[in-house]
Amino acid sequence: MSGRPVKHSLTLRGHRTSVSLEEEFWQGFRALAAARGLGINQLAVEIDETRAGDIGLASAIRLAVLRFYRG
């Protein structure tokens, strides 16, 4: 387990943003996107649209990955 966040760029509705997640969460995020038949940018848009205003995008992605594996 790496423990260190890795920054990647995502595009949400034409806007570039950077998200820092631990490599294990990036792997889980890609697995979740693949399971849903989506690209990671599309999935990030869905997560962004449904997250509470006080939760950051990286945290919302981690929670989505956690729910996927708890599923």
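It should be emphasised that the depicted structure is a prediction, and the values quoted were computed from it without experimental measurement.

Caption draft 1: Local environment of the pattern of salt bridges. Under the criterion given, the structure shown has six salt bridges. R36 serves as the salt-bridge partner of E46, at 2.7 Å between the closest nitrogen and oxygen. With a gap of ten residues between them, E46 in helix 2 (residues 40-50) and R36 in the loop between helix 1 (23-35) and helix 2 connect regions that are remote in the sequence. Classification of R36 by relative accessible area gives partly exposed; the value is 44%. A network of salt bridges, in which partner residues are shared, links R13, D48, E49 and R51.

Caption draft 2: Local environment of the packing of helix 2 against helix 3 (residues 57-70). Across the interface, helix 2 lies against helix 3 with an axial gap of 10 Å and an inter-helix angle of 105°. On the basis of their axis angle, the class for helix 2 and helix 3 is roughly perpendicular. Of helix 3, the residues touching helix 2 (which contributes A44, I47 and D48) are L57, A60, I61 and A64.

Rules behind the numbers
- Residues numbered from 1 in each chain as written.
- Predicted model: local features only at pLDDT ≥ 70, side-chain atom pairs only at ≥ 80, totals over all residues.
- Heavy atoms only, no water.
- Salt bridge = Lys/Arg side-chain N within 4 Å of Asp/Glu carboxyl O.
- Helix = DSSP H or I, 4+ residues; strand = E, 2+ residues; numbered from the N terminus.
- Buried < 20%, exposed > 50% of the residue type's maximum accessible area, 1.4 Å probe, protein only.
- Axes fitted to C-alpha atoms, helices over the stretch in contact; angles between N-to-C directions.
- Parallel < 35°, antiparallel > 145°, perpendicular 65-115°, else oblique.
- Contact = heavy atoms within 4.5 Å.

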